[in-house]
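# Survey of secondary and tertiary structure
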Amino acid sequence: MKRLGVLGTLVRDTIIHPAAPAPVRAWGGIGYALAAFEAALPDGWNTVPIVKIGADLHARATSFMRSFTRVGDARFVRTVPEPNNRVELVYSNDSDRLEILSGGVPEWTVREVGEFLSGLDALYVNFIAGMELTLPGAKRIRDGLAGPSHADLHSLFLGVESDGRRVPRYLRSSEEWAGCFDTVQMNEDEFAMFSRDAADPVRAAASAFEARARMIAVTRGSQGVKVIAARRDRDPAEWDIPTSSVPASGDPTGCGDVWGAAFFSGVLAGADRGTAITYAQALARCKLRCRGADETRRHLAVEGPRPPWSPH
């Protein structure tokens, strides 16, 4: 079996949404990506979670992690003394929310990155907290991983106020961060901060292609995805892939995580970009109907669209 490293943070979420009669308390964070990999990974692959869990939630969190059938190696699910990450998500509508963080597990050090890299055939990184890696750690991945990599840069663009509120911020050395992975993902607001609101944001992003990056996917919700790809003449290509269905409402928590895991599953299966992106959009749309990573795992397994690369 080939080994896909899945690096991120497991979060205990409280989701407050105007369409829900009461707050939903559930596992979130990297759990959404693991749920999508359960549904989307091609045959011959297992996941290797790379997750630090706070000692206060050790028993419950490890039990949850064991529920995933595609986990082939749990040696990098490690308990740390710090309190586990908890996030309160307060939605005012289907897209705008207030996010409040408490707890906080430490990042993976450069030495620890070296420990898990050698045994992996590919790596998916999701910056759930934005503190999973330092830039030197990301550069260790850039220089040491033989197989493909994908990163959702999401919370690298969020700072933390003294009361735990997450607030947008510009990311220092954003092109260097993006250049550490083969494909990177961010939403429209994050891409604006990534390119520092440049008049020509696509050209501004091109410096990431001077390192390892070959594609940037800018997710745009119901409007689809903007793809920016490297070309040999160093002038990046740009095109839009719209969604194939009308906008839908529901709980958007974790939709970006599902999208990235589904897309990267297509990459690992050898699918072309358009096929992988179209499937990722369909699986993320399916996620809207449920709340929490555990419910998402069950829902995608039963109701999720079949991957085009699946023989079953």
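Let me sum up the structure you'll find in this document. (Residues numbered from 1 in each chain as written. Predicted model: local features only at pLDDT ≥ 70, side-chain atom pairs only at ≥ 80, totals over all residues. Heavy atoms only, no water.)

## Section: helix 4 (residues 135-144)
This is how the line gets drawn: For every residue, the accessible area (1.4 Å probe, protein chains only) is compared with the maximum for its type, and the residue is labelled buried under 20%, exposed over 50%, or partly exposed between those bounds. Only DSSP runs of H or I with at least four residues qualify as helices, and only runs of E with at least two residues qualify as strands; both kinds are numbered from the N terminus onward. To obtain the arc, one takes the directions from the helix axis to the C-beta atoms. By the convention used here, residues are in contact when the closest approach between their heavy atoms is within 4.5 Å.
Taken together, the buried positions of helix 4 are Leu135, Gly137, Ala138 and Ile141. Looking straight down helix 4, one finds that the buried residues subtend no more than 160° of arc, so they occupy a single side. Looking at the packing, one finds that the buried side of helix 4 touches helix 3 (110-117), strand 8 (122-126) and helix 5 (174-178).

## Re the packing of helix 1 (residues 30-40) against helix 8 (residues 255-269)
This is how the line gets drawn: Here an angle of 0 to 180 degrees is reported between the N-to-C directions of two axes, which are lines fitted to C-alpha atoms, with helices fitted over the stretch in contact. Two helices that cross are described as forming a left-handed crossing if the nearer one is turned anticlockwise from the farther one by less than a right angle, and a right-handed crossing if clockwise. Each residue gets one of three labels, nonpolar for Ala, Val, Leu, Ile, Met, Phe, Trp, Tyr, Cys and Pro, charged for Asp, Glu, Lys and Arg, and polar for the others, Gly among them.
Where helix 1 contacts helix 8, the two axes come as close as 8 Å, and the packing angle between them is 35°. The two elements helix 1 and helix 8 meet at a crossing, and its hand is right-handed. On helix 8, the residues touching Tyr32, Ala33, Ala36, Phe37 and Ala40 of helix 1 are Asp257, Val258, Ala261, Ala262 and Ser265. Along the lines of polarity and charge, the residues of the contact of helix 1 with helix 8 split into eight nonpolar, one polar and one charged.

## Regarding the sheet that holds strand 6 (residues 86-91)
In plain terms, the rule: Think of it this way: DSSP has to see at least two bridges between two strands before they count as a pair.
In space, the four strands of this open sheet follow the order 3-2-6-7, with mixed pairing throughout. Sheet topology places strand 3 (24-29) and strand 7 (97-102) at the edges, where each strand pairs with a single neighbour. In this sheet, adjacent strand axes meet at a mean angle of 25° when their direction is disregarded. Together, strand 2 (10-16) and strand 3 form the strand contacts of helix 2 (residues 58-65), whose direction differs from that of strand 2 by roughly 95°.

## A short note on the pattern of salt bridges
Put simply, the test is: Definition used for salt bridges: Asp or Glu carboxyl oxygen within 4 Å of a side-chain nitrogen of Lys or Arg.
In total, this model carries 20 salt bridges according to the counting rule given. Two residues, Asp56 and Arg86, come together in a salt bridge whose shortest N-O distance is 2.7 Å. Taken as a pair, Asp56 in the loop between strand 4 (45-54) and helix 2 and Arg86 in strand 6 lie far apart in primary sequence, 30 residues in all. Judged by its relative accessible area of 42%, Asp56 is partly exposed. In this structure, Arg220 engages Asp240 in a salt bridge whose closest nitrogen and oxygen atoms are separated by 3.6 Å. Remark: Asp240 occurs in strand 15 (residues 237-241) and Arg220 occurs in the loop between strand 13 (215-219) and strand 14 (225-229); sequence separation between them is 20 residues. Overall, Asp240 belongs to the partly exposed group, its relative accessible area being 44%. Among the charged side chains, a network of salt bridges with common partners joins Glu188, Arg220, Lys226, Glu238 and Asp240.

## Some points on the pairing of strand 1 (residues 2-7)
The pairing of strand 1 with strand 4 spans six bridges and is parallel. Each bridged residue has a counterpart across the sheet, and for Gly5 the counterpart in strand 4 is Val48.

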